[in-house]
Amino acid sequence: MVETPVEQGGRTKKLILVVDDDCDLNDLLCTVLEDSGYDTLPALDGMSAVALMKERRPDLVLLDYMLPDINGVEFFGKIRGEEELRETPIIMVSARNDVQTKIASFSAGARRYISKPFENEDLVGEVGKTLMQHERSRVAKQYHDEYGISGDYGNIDFKDEK
């Protein structure tokens, strides 16, 4: 049976883990996301964020690349060994705008990369698109697993294997 949002951890609002060591920016990000209908969970460093991911299982992580304890790429290394966390979509946010950092972030598994400074509306839009794509892929995979329907999970282009 395909899960509904209420069956996913008993919540209907999506939970966003906001990881940024700048307290003011973290507060602002949480406020912007909450005003857009999301629940938020703030973290000020990478290891606290990993612990919160294990405890609360957020629907998405908004991750600053430069944290005091680990960088964004190292963060991926901490969660990718955890079966229940590895599929969580992560959007990297950084003041670093160089190509090497972007490539490293995408290679590690970031779904999107947002450069600081950014417009709040753009950030909320990227969060919404990422959550929608992730949900479509999750449902398509679930249908595949339950009914043997195959196809392109990203575009939901189902093809019968018969």
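Residues numbered from 1 in each chain as written. Predicted model: local features only at pLDDT ≥ 70, side-chain atom pairs only at ≥ 80, totals over all residues. Heavy atoms only, no water.

For strand S3 (residues 60–64), the buried fraction is high: five of the five residues fall into the buried class. Side-chain alternation along S3 places Leu60, Leu62 and Asp64 on one buried face and Val61 and Leu63 on a second face that is also buried. The pairing of S3 with strand S4 (residues 90–94) spans four bridges and is classified as parallel. Bridged to Leu62 within S4 is Ile91. You can see the chain leave S3, run along helix H3 (residues 72–79) and come back into S4, and the turn it takes is right-handed. (Buried < 20%, exposed > 50% of the residue type's maximum accessible area, 1.4 Å probe, protein only. Helix = DSSP H or I, 4+ residues; strand = E, 2+ residues; numbered from the N terminus. Pairing = 2+ DSSP bridges. Right-handed = clockwise from strand over helix to strand, strands pointing away.)

Two strands pair when backbone bridges link them, and strand S1 (residues 15–19) and strand S2 (residues 39–43) are joined in this way by five bridges, in the parallel orientation. Residue pairing for S2: Val18 is matched across the bridge by Pro42. Viewed along the sheet, the connection from S1 through helix H1 (residues 23–35) into S2 turns out right-handed.

This part takes up the packing of H1 against helix H5 (residues 120–147). Two numbers describe how H1 lies on H5: the axes approach to 10 Å, and their chain directions differ by 65°. Our pair here, H1 against H5, has a crossing hand that is right-handed. Together, Leu29, Val32 and Leu33 of H1 and Asn120, Leu123, Val124 and Val127 of H5 make up the contact between the two elements. Residue composition of the contact of H1 with H5, by class: six nonpolar, one polar and no charged. (Axes fitted to C-alpha atoms, helices over the stretch in contact; angles between N-to-C directions. Left-handed = near helix turned anticlockwise from the far one by under 90°. Contact = heavy atoms within 4.5 Å. Nonpolar A, V, L, I, M, F, W, Y, C, P; charged D, E, K, R; others polar.)

It is worth spelling out the packing of aromatic side chains at this point. Aromatic ring pairs are defined here through the distance separating the ring centres and the angle between the ring planes. Enumeration over the complete set of coordinates arrives at one aromatic pair. Where Phe106 meets Tyr113, the ring centres are 6.5 Å apart and the plane angle is 50°; that geometry is what we call tilted. Given a relative accessible area of 42%, Phe106 falls into the partly exposed group. (Phe/Tyr/Trp six-rings, centres within 6.5 Å; stacked < 30°, edge-to-face > 60°.)

Within the open sheet, the five strands sit side by side as S2-S1-S3-S4-S5. Their pairing is parallel. Looking at strand neighbours, the two that pair on one side only are S2 and strand S5 (112–115), the edges of this open sheet. Recorded for the sheet is a direction-independent mean angle of 20° between the axes of neighbouring strands. In terms of strand pairing, S4 meets S5 through four bridges, oriented parallel. Looking at the pairing, Ser94 lines up with Ser115 of S5. Running over the sheet, H5 touches S1, S3, S4 and S5 and is turned about 175° from S5.

Next up on the list: the nonpolar core. Generally speaking, a soluble globular protein has its nonpolar side chains buried in company with each other. In this structure, Leu17, Val19, Val61, Leu63 and Phe75 are the most contacted members of the largest nonpolar core, which totals 22 residues. The leading source of residues in this core is helix H2 (residues 46–56), at four residues. With sequence-adjacent residues up to four places away left out, Phe75 is seen in contact with Gly46, Ala49, Val50, Met53, Val61, Leu63, Ile70 and Ile90. Counting residues in hydrophobic clusters, the runner-up holds 18 residues, among them Ile16, Cys30, Ile91 and Val124. (Core = buried A, V, L, I, M, F, W, Y, C linked by side-chain atoms within 4.5 Å.)

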